[in-house]
Amino acid sequence: MGLVLGVDLGTSSVKVSAVNQQGEIVAQQGFDYQLSQPKPGYSEQNPEDWVTSTTVAIDRLILKDGIKANEIEGISYSGQMHGLVLLDDNNQVLRPAILWNDTRTTAQCKEILNQMGQSFIDITRNVPLEGFTLPKILWVKENEPQIFAKVKTILLPKDYLRYRMTGDLAMEYSDAAGTVVLDEENKCWSQAIADQFDLPISIFPKLMESIDLAGTISDSYATFSGLKTTTKVFGGAADNAAGAIGAGILSSNMVMSSIGTSGVVLKYEDSADVNYNGGLHFFNHAIPNKYYTMGVTLAAGYSLSWFKKTFAPEADFNDFVTAAAESTVGANGLLFTPYIVGERTPYPDGDIRGSFIGIDGTHTQKDFTRAVLEGIIFSFADIMAIFDAKGSHFDTVVSIGGGAKSPVWLQIQADIFNKKVVSLVNEQGPGMGAAMIAATGVGWFDSVQDTAKAFVSYGKEYLPNPENVQKYQMLHTLYKKIYGQTAEISHGLMAYRRDQLN
Ligand SMILES: Nc1ncnc2c1ncn2[C@@H]1O[C@H](COP(=O)(O)OP(=O)(O)O)[C@@H](O)[C@H]1O
Ligand SMILES: O=C(CO)[C@@H](O)[C@H](O)COP(=O)(O)O
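Please read these numbers as outputs of a predicted model, since none were measured by experiment.

The environment of ligand 2 is made up of 15 residues, and the closest members are Thr11, His82, Asp239, Ser262 and Arg344. A distance of 3.1 Å separates an oxygen atom of ligand 2 from a polar backbone atom of Thr261. Considering ligand 2 on its own, with 370 Å² of exposed area, one finds that the protein chains cover 94% of that surface. Of all elements in the fold, only helix 9 (239-246) and strand 19 (291-297) reach the threshold of two or more residues within the shell around ligand 2. For the shell around ligand 2, the residue count by class is five nonpolar, eight polar and two charged. Residue contributions to the shell around ligand 2 reach at least three from each of two domains, namely domain 1 (3-240) and domain 2 (248-298 + 386-462).

Right under this line is the structure:
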């Protein structure tokens, strides 16, 4: 039996899925790792944790699930985006990776725009935001010059993992776009940006397509993991590009809603001929010469996980979320904004923080949980509104990520979006996308689109309930007022937290 492995290198864990030629997940293993938040706005991980956790998951597939290493024809990846991995001359990691949800780089973002203005947006098709990689590189250059002096190569999380499994140093396009150093339309590193910020262009590695062959499993990784050196390894994709493929978002009338650690509302774009004026991210897709547009809620699943860990650490996750159904639409008059690590879309503001508004002496924990679930989707609806304003007509929302495991949350999505929502039979959108890239790479299908036709299968449909839709429209109007009315207070509190540390 031929198999491929899809490695989904997320922010909270890595999940490795073994997939057969019918697109069925025959076995799956995952392993969690930690996020380090040493200062307000900081978010880091140790790249070694990604490698070790992936290896544990692969070992378990082989040793516990009985997957035969010689049946694994190919491996590919879906990776959390933007995280800065710095390597020295010997390809050793120089410092912890600075992640996508780290917002320490507001000053560098302003500086990029001051120095390059519209020409930066024309080249990269994005405005510089704290989460993207270039501001992180500039932060290290300014704040840790002794480390920067040793930098030979920069990589992104899944590209580093692929390097450790094959020995090949490269970055693939959909992830490279999220560095905002890539000239997106010309598919090359921007010499103009490198020159402007005095960065040696040599630190940016060779580029590859998602379905390109990076090599085979190296001797040393084969010994370490139990994999065979004959297994082929393919470029992979940014998690949102991989998620879009795994969710079958291959035409512009479909939209993806992803509730992972972050939240994403994503639209497929057939060409680069679109202009959202930097209000949304616009990146190269995992399908050659295709693109996608998306908005990002920095703390989607993370808001729920934070809330549960803080206020109900002993509860079973499923039971805890399901209990929100016992509250009401609008959580008995309680609103939550999920800005607990800052926000990106529609408010590019690293210093905004979350709020519960309307707390009443009668509110229970179930109301608070419901408010968290609803607040996250109101934030997604803010992104959806940008697409609507540009004339998008979506008939189906495909929901992926850990949050799509919850039927209560899927119905909340249908009612707030006022659209039909479907989940995947297996919610592993990014992991399936990664497996589909490998399946295309090994030649099971001619194109990623053909693989998607064979592999994607949708589960139950959730239809909007008109009464709930009406209530949510009114509540969303109230929700939208919270950002403007809490921004100044939030910024003051962030300044206070920073002062306390000095
Ligand atoms: N049973 C569940 N119901 C609803 N949400 C869940 C459930 N289990 C996990 N989640 C949410 O899914 C998120 C993780 O999703 P995942 O796609 O695995 O993230 P990542 O790829 O960023 O690691 C968690 O932050 C959590 O809030
Ligand atoms: O920063 C972004 C996209 O721009 C995030 O979507 C990251 O790619 C992390 O994804 P998850 O771990 O939440 O899947």
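Turning our attention to the packing of helix 13 (residues 407-417) against helix 16 (residues 466-501). Where helix 13 meets helix 16, the axes come as close as 7 Å, and the angle between the chain directions of the two elements is 70°. With respect to helix 16, the axis of helix 13 lies roughly perpendicular. Crossing handedness for the pair helix 13 and helix 16: right-handed. Of helix 16, the residues touching helix 13 (which contributes Ile412, Asp415 and Ile416) are Asn468, Val469 and Tyr472. Taken together, the residues that form the contact of helix 13 with helix 16 break down as four nonpolar, one polar and one charged.

A separate point is the domain arrangement of the protein. If you check the domain split of the protein, you get domain 1 (3-240), domain 2 (248-298 + 386-462) and domain 3 (301-382 + 466-501). The partner domain 3 presents ten residues to the twelve residues of domain 1 that form the contact. Between domain 1 and domain 3, the buried area comes to about 870 Å², and carbon and sulfur atoms account for 56% of it. When residues of domain 1 are sorted by the area they lose upon contact with domain 3, Pro40, Thr103 and Leu129 head the list and together hold 52% of the total.

Thresholds, definitions, all that
Residues numbered from 1 in each chain as written. Chains lettered and ligands numbered in written order. Predicted model: local features only at pLDDT ≥ 70, side-chain atom pairs only at ≥ 80, totals over all residues. Heavy atoms only, no water. Near = heavy atom within 4 Å. Polar contact = N/O pair within 3.5 Å; in protein donor to acceptor, adjacent residues only side chain to side chain. Areas by Shrake-Rupley, 256 points an atom, 1.4 Å probe, with all protein chains shown as cover. Helix = DSSP H or I, 4+ residues; strand = E, 2+ residues; numbered from the N terminus. Nonpolar A, V, L, I, M, F, W, Y, C, P; charged D, E, K, R; others polar. Domains from an automatic or database assignment. Axes fitted to C-alpha atoms, helices over the stretch in contact; angles between N-to-C directions. Parallel < 35°, antiparallel > 145°, perpendicular 65-115°, else oblique. Left-handed = near helix turned anticlockwise from the far one by under 90°. Contact = heavy atoms within 4.5 Å. Buried area = accessible area lost by both parts, 1.4 Å probe.

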